[in-house]
Amino acid sequence: MSRPTKCRMICRFPQTLEFIPTKNGGDIEPVILTVDEYETIRLIDRERLSQEQCSQRMQVARTTVQKIYDSARKKLADALVDGHPLKIEGGEYRLCNGRNQYCGLNGCYRQEIQQVFQKPKEKAVTRIAVPYDNGLIFQHFGRTEQFKIFDIADGKMVVSEEISTRGHGHGVLPEVLNAMQADVLICGGIGGGAQAALASAGIKLYGGVTGNADTAVEALLAGTLAYSQDIQCSHHDGEHHGENCGEHHHGKGHECRHGLWMA
């Protein structure tokens, strides 16, 4: 019996999941780069880490990193030389919780987000976050400039406040919510990758909601909130496309993620 694949730790999800050639991109079979392959490219080629350092970050053997990296480079070459679309999805990975002992190498993105946005709360409090703009639910999660945070205790709203995202967008926002200790997100449009990141953080999603933010929270507490279980992203500005939305992952926390994926 073969040994099960060990989950590869990744620091964060890619913010852009699909790259399409300007000519005939939609008619050619895409090259699929897995999330763990993407991470080796990011760490070795972008962050300039050695393969040994990369293996420490991803918590797998150096030989494993070398195989993943070689596969990633081959796929990138195929996409560039032959003009294939490139998609990032799937793989065997788990999301770093910010406590990796090797996170000190070139700084840790997750630790920095935690330090900036950490917001303690009582155990009995449920924290609801809503992308917010002038009293309304802002409809593009990845572009929201502020969240309105509602703390709920004993089924009643006890406090609410508006918190700026400080210019962060798309793939970073689930981490911002995690640092705020949000339990629930009510939003409009949201991509599949952000959905996966929220699930990984244990944040319950109610998507496809419009209208007044306070009213939506009150409706959720009353059990009457109208939302979509199959919400799709719709405002990607060419960064990624419909087939990347609403995709699934299994489990949460430190379990491996399999299959399709992010926004």
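Above this text is the structure in question.
Model, not experiment: these values are computed from the prediction. (Residues numbered from 1 in each chain as written. Predicted model: local features only at pLDDT ≥ 70, side-chain atom pairs only at ≥ 80, totals over all residues. Heavy atoms only, no water.)

1. A closer look at the overall build of the protein chain
And then number 1: Summing up its helical and strand segments, the protein chain has seven helices and 11 strands in all.
And then number 2: Per-residue burial over the protein chain gives 47% buried out of 263 residues.
And then number 3: Look at the contacts in the protein chain between residues 6 or more apart in sequence, and 68% of them connect residues 24 or more apart.
And then number 4: On the protein chain, roughly 13,100 Å² of surface is accessible, and the fraction owed to carbon and sulfur atoms is 47%. (Helix = DSSP H or I, 4+ residues; strand = E, 2+ residues; numbered from the N terminus. Buried < 20%, exposed > 50% of the residue type's maximum accessible area, 1.4 Å probe, protein only. Contact = heavy atoms within 4.5 Å. Areas by Shrake-Rupley, 256 points an atom, 1.4 Å probe, with all protein chains shown as cover.)

2. Things to note about the nonpolar core
And then number 1: Formed by 22 residues in total, the largest nonpolar core has its most connected members in Ile10, Phe13 and Cys54.
And then number 2: Elements represented by at least two residues in this core include exactly strand 3 (31-33), helix 1 (35-46), helix 2 (51-58), helix 3 (62-82), strand 4 (86-88) and strand 5 (93-95).
And then number 3: Beyond its immediate chain neighbours, meaning those up to four positions away, isoleucine 10 contacts Val35, Asp36, Glu39, Tyr93, Arg94, Leu95 and Cys96.
And then number 4: The next biggest cluster of nonpolar side chains, apart from the first, holds 21 residues, and it includes Val172, Leu173, Val176 and Leu177. (Core = buried A, V, L, I, M, F, W, Y, C linked by side-chain atoms within 4.5 Å.)

3. A short note on the packing of aromatic side chains
And then number 1: One pass over the structure, following the stated rule, counts two aromatic pairs.
And then number 2: Ring centres 6.1 Å apart and planes at 50 degrees place the aromatic pair phenylalanine 141 and phenylalanine 147 in the tilted group. Accessibility assignment for this pair places phenylalanine 141 and phenylalanine 147 in one class, buried.
And then number 3: When the centroid spacing of 4.8 Å and the interplanar angle of 85 degrees are considered together, the rings of tyrosine 206 and tyrosine 227 count as edge-to-face. Taken together, the positions of tyrosine 206 in strand 11 (residues 204-206) and tyrosine 227 in the segment after helix 7 (213-222) put the pair 21 residues apart, joining distant regions of the chain.
And then number 4: What makes tyrosine 227 partly exposed here is its relative accessible area of 36%.
And then number 5: One residue, arginine 166, lies across the ring of phenylalanine 117, its end atom 5.6 Å from the ring centre. (Phe/Tyr/Trp six-rings, centres within 6.5 Å; stacked < 30°, edge-to-face > 60°. Lys NZ or Arg CZ within 6 Å of the ring centre and 35° of its normal.)

4. A look at the pairing of strand 8 (residues 146-153)
And then number 1: Within strand 8, six of the eight residues are buried, which leaves the element mostly enclosed by the surrounding structure.
And then number 2: Sheet topology note: the strand 6 (residues 126-133)/strand 8 ladder contains six bridges and is antiparallel. Of the residues in strand 8, the one forming a bridge with valine 130 is lysine 148.
And then number 3: Alignment of strand 8 against strand 9 (residues 156-164), held across eight bridges, turns out to be antiparallel. What sits directly across from alanine 153, in strand 9, is lysine 156.
And then number 4: Here strand 8 hands over to strand 9 after two residues, with aspartate 154 in that stretch at a positive phi of 55 degrees. (Pairing = 2+ DSSP bridges.)

5. So, the packing of helix 2 against helix 3
How two helices pack is summed up by the angle between their axes together with the distance between the axes.
And then number 1: With their axes 8 Å apart at the nearest point, helix 2 and helix 3 run at an angle of 100 degrees to one another. The orientation of helix 2 with respect to helix 3, classified from their angle, is roughly perpendicular. Within the contact between the two elements, helix 2 uses Gln51, Glu52, Cys54 and Ser55 and helix 3 uses Arg62, Val65, Gln66 and Tyr69.
And then number 2: Among the residues forming the contact of helix 2 with helix 3, the class breakdown is three nonpolar, three polar and two charged. (Axes fitted to C-alpha atoms, helices over the stretch in contact; angles between N-to-C directions. Parallel < 35°, antiparallel > 145°, perpendicular 65-115°, else oblique. Nonpolar A, V, L, I, M, F, W, Y, C, P; charged D, E, K, R; others polar.)

6. Looking at helix 2
And then number 1: Among the residues of helix 2, Cys54, Ser55, Arg57 and Met58 are the ones counted as buried. Each buried residue of helix 2 sits inside an arc of 160 degrees when the element is viewed along its axis, so together they form one side.
And then number 2: Turning to helix 2, the residues buried within the fold contact strand 1 (8-10), helix 1 and helix 3.
And then number 3: One or two positions beyond helix 2, positive phi appears at glutamine 59, with a value near 60 degrees. (Arc of directions from axis to C-beta.)

7. Considering the pattern of salt bridges
And then number 1: Applying the stated criterion to the full structure yields 10 salt bridges.
And then number 2: Of the charged contacts in the structure, one is a salt bridge between glutamate 161 and lysine 119, with a shortest N-O distance of 2.3 Å. Here glutamate 161 is found in strand 9, whereas its partner lysine 119 is found in the loop between helix 4 (109-117) and strand 6, with 42 residues between them in sequence.
And then number 3: Accessibility expressed as a relative area gives 35% for glutamate 161, which makes it partly exposed.
And then number 4: Taking the relative accessible area as the measure of exposure, lysine 119 reaches 19% and is therefore buried.
And then number 5: Between lysine 121 and aspartate 183 there is a salt bridge whose closest N-O contact spans 2.2 Å. In this pair, lysine 121 sits in the loop between helix 4 and strand 6 while aspartate 183 sits in the loop between helix 5 (173-179) and strand 10 (184-186), placing the two residues 62 residues apart along the sequence.
And then number 6: For lysine 121, a relative accessible area of 23% corresponds to the partly exposed category.
And then number 7: Among the charged side chains, a salt-bridge network with shared partners connects Glu39, Arg42 and Glu47. (Salt bridge = Lys/Arg side-chain N within 4 Å of Asp/Glu carboxyl O.)

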